[in-house]
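This is what each chain is made of:
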Amino acid sequence: MKNKKRKSLWEAYLTREIGIEFKACLYFFAILFYYCTYRVICGVYDASILHMGEMILTCYAICYLQVCLFRNFDEAEKLKVREILGLIVCTSLYAGISILGKWFDGKTGVYIGFVGFILLMYICVIIIYRTKRKIDDKKLNDDLKLFQAEHKK
């Protein structure tokens, strides 16, 4: 019994870590896309390794915060007070760190656009997770009906 409990704790830990890893990579890619688009518009065709390092570390830190403190708000069924607070705090952290790191050269309009982009990113991810849940629910219900039909025979 003790071994099963240890295994289930390990599996729960791994599931959470894989989820955080996936989100951090997804958010990093989105932020890097915005950053690179800004750079290309400015006529610069290279990116700062320091900025990219700050971005990925920021993504990991915020994803841990998002999962541990704000109940994984981007995967929530409904956006309640805690989830909305998480959305605001995490977006503000991305904005603040981007300003401190001077990712967009102090251009206020670009930072405002970045905040809008982060909010859009979160909305898209929320929609994606809701859609995935609906698809998974439908598949599980179909599998259950098939299982029940097979065992009635």
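Refer to the structure printed above.
Cut-off values and rules
- Residues numbered from 1 in each chain as written.
- Predicted model: local features only at pLDDT ≥ 70, side-chain atom pairs only at ≥ 80, totals over all residues.
- Heavy atoms only, no water.
- Core = buried A, V, L, I, M, F, W, Y, C linked by side-chain atoms within 4.5 Å.
- Buried < 20%, exposed > 50% of the residue type's maximum accessible area, 1.4 Å probe, protein only.
- Helix = DSSP H or I, 4+ residues; strand = E, 2+ residues; numbered from the N terminus.
- Patch = residues over 30% accessible without salt bridge, like charges linked within 9 Å, V, L, I, M, F, W, Y side chains within 5 Å.
- Areas by Shrake-Rupley, 256 points an atom, 1.4 Å probe, with all protein chains shown as cover.
- Salt bridge = Lys/Arg side-chain N within 4 Å of Asp/Glu carboxyl O.
- Contact = heavy atoms within 4.5 Å.
- Phe/Tyr/Trp six-rings, centres within 6.5 Å; stacked < 30°, edge-to-face > 60°.
- Expected span 1.5 Å × (residues − 1).
- Arc of directions from axis to C-beta.

Trainee: Talk me through the nonpolar core; I want residue IDs and the actual numbers.
Mentor: The biggest cluster of nonpolar side chains holds 31 residues, and the ones touching the most others in it are Tyr27, Ile31, Tyr94, Phe104, Phe114 and Tyr122. Of all the secondary-structure elements, those providing two or more residues to this core are α1 (2-41), α2 (49-68), α3 (81-100) and α4 (108-152). If you tally residues by element for this core, the top one is α1, at 10 residues.

Trainee: Please give an account of a nonpolar patch on the surface that cites residues and values.
Mentor: Together, Trp10, Tyr13, Leu14 and Ile18 make up an exposed nonpolar region whose accessible area comes to about 420 Å². The topology assignment puts Leu14 in helix α1. Exposure remark for Leu14: the relative accessible area of 32% places this residue in the partly exposed category.

Trainee: Which residues make up the side chain of Thr58, and what values go with them?
Mentor: Note that Thr58 resides in helix α2. According to the relative accessible area criterion, Thr58 is buried, its value standing at 6%. Those residues within four positions of Thr58 in sequence are excluded, and the remaining contacts are Tyr94, Ile97 and Trp103.

Trainee: Quick rundown of the pattern of salt bridges? Include the residues and the values.
Mentor: For the structure shown, the criterion picks out eight salt bridges. Across the pair Lys23 and Glu75 runs a salt bridge whose closest N-O atoms are separated by 2.9 Å. Placement of Lys23 in helix α1 and of Glu75 in the loop between α2 and α3 is noted, with a sequence separation of 52 residues between them. Overall, the relative accessible area of 1% leaves Lys23 in the buried class. On the basis of relative accessibility, which here comes to 29%, the residue Glu75 falls in the partly exposed class. As a salt-bridge pair, Lys138 and Asp142 come within 3.1 Å of each other at their nearest N and O atoms. Placement of the pair is Lys138 and Asp142 together in helix α4, with a separation of four residues, close to one helical turn. Its relative accessible area of 53% is what places Lys138 among the exposed residues. For Asp142, a relative accessible area of 37% corresponds to the partly exposed category. Through salt bridges with shared partners, a single ionic network connects Lys23, Asp74 and Glu75.

Trainee: Could you give an account of the packing of aromatic side chains, naming the residues involved and the relevant values?
Mentor: Considering all chains together, one arrives at 12 aromatic pairs under this definition. Each ring, one from Trp103 and one from Phe114, has its centre 6.1 Å from the other, and the planes form 80°; the classification is edge-to-face. Taken together, the positions of Trp103 in the loop between α3 and α4 and Phe114 in helix α4 put the pair 11 residues apart, joining distant regions of the chain. With centroids separated by 5.1 Å and ring planes inclined at 50°, the aromatic side chains of Phe104 and Phe114 adopt a geometry described as tilted. Residue Phe104 is found in the loop between α3 and α4, and its partner Phe114 is found in helix α4; the two are separated by 10 residues along the sequence. Phe114 carries the same exposure label as Phe104, and that label is buried. An aromatic cluster of at least three residues, connected via ring pairs, comprises Tyr34, Tyr35, Tyr38, Trp103, Phe104, Tyr111, Phe114 and Phe117.

Trainee: Outline α2, listing residues and values.
Mentor: With 20 residues, α2 should reach 28 Å at 1.5 Å per residue; the first-to-last C-alpha distance of 29 Å fits that figure. For α2, the complete set of buried residues consists of His51, Met55, Thr58, Cys59, Ile62, Cys63, Gln66 and Val67. The arc that holds the buried residues of α2, viewed along the axis, is 150°, so those residues lie on one side. Among the exposed residues of α2, those pointing more than 90 degrees away from its buried face are Ile49, Leu50, Leu57 and Cys68.

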